[in-house]
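Survey of secondary and tertiary structure
Spelled out from the first residue to the last, the chains are:
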Amino acid sequence: MGEELSFTIDLIMMGTLRIALGSGASAELRQPLGVAVVGGLLVSQPLTLLVTPVIYLYMEKLAEGVKRLFSPRVEAVRPATR
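So, a few notes on the structure that sits alongside this text. (Residues numbered from 1 in each chain as written. Predicted model: local features only at pLDDT ≥ 70, side-chain atom pairs only at ≥ 80, totals over all residues. Heavy atoms only, no water.)

For the chain, the helix and strand inventory stands at two helices and zero strands. Against the globule reference of 12 Å for 82 residues, the chain gives a C-alpha radius of gyration of 26 Å, more extended than a compact globule. In terms of its C-alpha atoms, the chain occupies a principal-axis envelope of roughly 100 × 20 × 10 Å. Taken across its 82 residues, the chain has 12% of its residues classed as buried. For the chain, the accessible surface area stands at approximately 7,300 Å², while carbon and sulfur atoms represent 68% of it. One finds the centroid of the 8 positive side-chain charges in the chain at a distance of 16 Å from the centroid of its 7 negative side-chain charges. (Helix = DSSP H or I, 4+ residues; strand = E, 2+ residues; numbered from the N terminus. Rg over C-alpha atoms; globule rule 2.2 N^0.38 Å. Buried < 20%, exposed > 50% of the residue type's maximum accessible area, 1.4 Å probe, protein only. Areas by Shrake-Rupley, 256 points an atom, 1.4 Å probe, with all protein chains shown as cover. Lys, Arg positive; Asp, Glu negative; His and termini not counted. Charge placed at Lys NZ, Arg CZ, Asp CG, Glu CD.)

Following this line, the structure appears as structure tokens:
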């Protein structure tokens, strides 16, 4: 899943990089938008691919710990000796 997302973001960045570095008529009006889009993509890609799965793993471990903390403990029953 990460590979397709990475390719998509890279292609969008290549398309908007032209606007961010653009020159010509009214480029000074479109350039801030291009810079904002490219900067947002550069920040969101590592967050999506790296930070989000790590947070998910920590939340899963936390849920297991809470479940273990509040689950009733069953002690082993020993057979009666005669």
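That covers the picture; the talk isn't over yet.
Checked against the element boundaries, Ser6 lands in helix H1 (residues 2–20). Separated by 3.0 Å, the side chains of Ser6 and Gln45 make a polar contact. Setting aside chain neighbours within four positions, we find Ser6 in contact with Gln45 and Leu49. (Polar contact = N/O pair within 3.5 Å; in protein donor to acceptor, adjacent residues only side chain to side chain. Contact = heavy atoms within 4.5 Å.)

Further remarks concern a nonpolar patch on the surface. A contiguous nonpolar surface patch, about 1,000 Å² in accessible area, is contributed by Val43, Leu47, Leu50, Val51, Ile55, Met59, Leu62, Val66, Leu69 and Phe70. Mapped onto the elements of the fold, Val51 is located in helix H2 (residues 27–70). (Patch = residues over 30% accessible without salt bridge, like charges linked within 9 Å, V, L, I, M, F, W, Y side chains within 5 Å. Salt bridge = Lys/Arg side-chain N within 4 Å of Asp/Glu carboxyl O.)

Residues Ile9, Met13, Ala20, Val38 and Leu41 constitute the largest nonpolar core, which totals five residues. Counting residues per element, the ones that place at least two in this core are H1 and H2. Among the elements that take part in this core, H1 stands out by supplying three residues, more than any other. If near-sequence neighbours (up to four positions away) are discounted, Ala20 is found in contact with Gln31, Gly34, Val35 and Val38. (Core = buried A, V, L, I, M, F, W, Y, C linked by side-chain atoms within 4.5 Å.)

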